[in-house]
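Breakdown of the fold
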Amino acid sequence: MAIYNQGHAAGASIIHPHAQIFSSNLVPNLMAQELSQCQQHFLNFGRSAFVDLVSHELKFSKRVIAENDYYVAFIQFAARFPFETWIVPKYQLSRFDKISHTQLSAVVPIMRQVIKKFGQTLQQPPLNFYIHSAPNSIEEVEYFRWHLEIVPRISTFGGFELGSNTIIDVMSPEIAAEYLNKIN
């Protein structure tokens, strides 16, 4: 798993922003759940949930905050945190380590654009981002697509979230996207 921490509120144990890569023979619960749900969607509908997700977000467009030929960045519909943003490839590839140089070069401007919007609208918030990629034990599969998730840390969990493990996002994704889109 590749992660990035910026700021104390984002859990950074080191003062400066930093990225880390972790390796484990265990698949994290969140990833296992994502993989399982994506596989079930594929079995039910014959196509990747990410095909449907990207198609819907581009057509609906109210949550899209950046786009190029290879990627779309949008505020996640069922966001766990205010301004939670996903950057999803428009092409099928389940493992990040298989990305081409061209695909890698195309994700950089999208990341810059999103982080610039966060910086200018949210006053340089602490943030985390992480890459969700299929585990190395899985070869290329049609049902899952690697993606980035970016979380500016502008809120904290209250008792309900901690006690129930049910997360409440206090801002609609459409309003969050509209707010960020005030910045070009």
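Basis of the calculations
Residues numbered from 1 in each chain as written. Predicted model: local features only at pLDDT ≥ 70, side-chain atom pairs only at ≥ 80, totals over all residues. Heavy atoms only, no water. Helix = DSSP H or I, 4+ residues; strand = E, 2+ residues; numbered from the N terminus. Contact = heavy atoms within 4.5 Å. Buried < 20%, exposed > 50% of the residue type's maximum accessible area, 1.4 Å probe, protein only. Arc of directions from axis to C-beta.

Tracing the backbone shows P173 in helix α5 (residues 173-180). Separated by 10 residues in sequence, P173 and G163 place their C-alpha atoms 24 Å apart. When residues no more than four places from it in sequence are discounted, the contact partners of P173 are R63, I75, Q76 and F77.

This paragraph deals with α5. The complete set of buried residues in α5 reads P173, A176, A177 and L180. The buried residues of α5 occupy an angular sector of 95 degrees when the element is viewed end-on, so they sit on one face. Facing away from the buried side of α5 by more than 90 degrees, the exposed set consists of I175 and E178. Close packing links the buried residues of α5 with β3 (64-67), β4 (71-75) and α3 (101-122).

Purely geometric stuff here, so don't read any function into it on its own.
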